[in-house]
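These are the residues of each chain, in order.
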Amino acid sequence: MKPDSTVIKNRYDRIAPFFDLLEAPMEGLFFKQWRERLWAKVDGYHILEVGVGTGKNFDYYPKDAMITAIDFSPEMLKQAAQAKERKGVQVELALMDVQSLCYADNSFDVVICSFVFCSVPMPMKGLKELCRVCKPGGQVLLLEHVISSRPALASAMNLLNPMVVKLFGANINRDTVKSVKACGFSFVRVDESSSDIIKLITTIK
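Residues numbered from 1 in each chain as written. Predicted model: local features only at pLDDT ≥ 70, side-chain atom pairs only at ≥ 80, totals over all residues. Heavy atoms only, no water.

To continue, consider the nonpolar core. Burial of nonpolar side chains together is a common tendency in soluble globular proteins. Membership of the largest hydrophobic core comes to 26 residues, with the highest contact counts inside it found for L48, V50, Y103, V111, F117, L130 and L142. In this structure L130 touches V50, V98, L101, V111, C113, F117, V140 and L142, once residues within four positions along its chain are discounted. Grouped together as the second largest cluster of nonpolar side chains are 25 residues, I47, A65, A69 and I198 included. (Core = buried A, V, L, I, M, F, W, Y, C linked by side-chain atoms within 4.5 Å. Buried < 20%, exposed > 50% of the residue type's maximum accessible area, 1.4 Å probe, protein only. Contact = heavy atoms within 4.5 Å.)

Another point: a nonpolar patch on the surface. Together, F18, L22, L160, M163, L167 and F168 line one region of the surface with nonpolar side chains, adding up to about 590 Å² of accessible area. For the nonpolar patch, the leading source of residues is helix α5 (residues 151–168), giving 4 residues. Secondary-structure assignment places F18 in the loop between α1 (5–15) and α2 (19–40). (Patch = residues over 30% accessible without salt bridge, like charges linked within 9 Å, V, L, I, M, F, W, Y side chains within 5 Å. Areas by Shrake-Rupley, 256 points an atom, 1.4 Å probe, with all protein chains shown as cover. Salt bridge = Lys/Arg side-chain N within 4 Å of Asp/Glu carboxyl O. Helix = DSSP H or I, 4+ residues; strand = E, 2+ residues; numbered from the N terminus.)

Looking now at the sheet that holds strand β5 (residues 134–145). In space, the 7 strands of this open sheet follow the order β3-β2-β1-β4-β5-β7-β6, with mixed pairing throughout. Each having just a single partner strand, β3 (92–95) and β6 (187–190) make up the two edges of the open sheet. Here the average twist between neighbouring strands, direction ignored, is 15°. The pairing of strand β1 (residues 46–50) with strand β4 (residues 108–114) spans 4 bridges and is classified as parallel. What sits directly across from E49, in β4, is I112. Sheet strands touched by helix α3 (residues 74–87): β2 (66–71) and β3. Its angle to β3, the strand with the most contacts, is close to 170°. (Pairing = 2+ DSSP bridges. Axes fitted to C-alpha atoms, helices over the stretch in contact; angles between N-to-C directions.)

Relative to the 32 Å expected for 22 residues at 1.5 Å per residue, α2 spans just 25 Å between its end C-alpha atoms, considerably shorter than the ideal helical length. Of all the bends in α2, the greatest, near 75°, is centred on E27. Considered for burial, the residues of α2 that qualify are F19, E27, F31, W34, R35, L38 and W39. Residues of α2 that are buried make contact with α1, β1, α3, β4, β5 and β7 (198–204). (Expected span 1.5 Å × (residues − 1). Bend = angle between axes of the 7 residues up to and from the residue.)

Of the residues making up α1, those classed as buried are S5, I8, R11, Y12, D13 and I15. Looking at the packing, one finds that the buried side of α1 touches α2, α3 and α5.

Attention now moves to the side chain of E27. Within the fold, E27 resides in helix α2. Looking at E27, the relative accessible area reads 15%, which means it is buried. The residues contacting E27, other than those within four sequence positions of it, are K32, R35 and K56.

What follows deals with the pairing of β2. Within β2, 5 of the 6 residues are buried, leaving the element largely enclosed by the surrounding structure. Pairing geometry for β1 and β2, over 5 bridges, is parallel. Bridge pairing links E49 to A69 in β2. Bridge count between β2 and β3: 4 bridges; the pairing is parallel. Directly across from I70, in β3, lies its bridge partner A94.

Set out below in structure tokens:
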């Protein structure tokens, strides 16, 4: 049985105080440069960041934009609130699940998330919510780690996935590009800089 949102949320609540420390090696070596590339693609004023976590993207927010950032974990959101105060970032934080956004249709110029859909129990539902709240012609930008296209590595990721989900609440074997292409966007492009496992995806509603 797949874990539901409450189970995953509780796991993130548990590791929230240590999350940045746990991810520091990967953040410094890999993720930071990917975040810079992701946010460099933003073209719009009214922005929704989904899965703000501890606020790792705050350093890349465009100046003079109006940004709302959500997360479904209260403890992760608490870490983000502390980072907001520490960095003096202008952002409205809200507790919310991507699978059930409380925003009206066509609300945002840009919807953006990084390393989020590995943890969403029903990813197609969440992706369709991103599309719903994005304005026609607006961007939905995603940075995601996905299952490898190499058979041997993919098999290993599938084998390890149950343990990773149990410990951290994140799946390492999602085919998010395929899911995005099935959501009805008018344009979907995987950036040529993407690696085998990390994909930078640009879509237009």
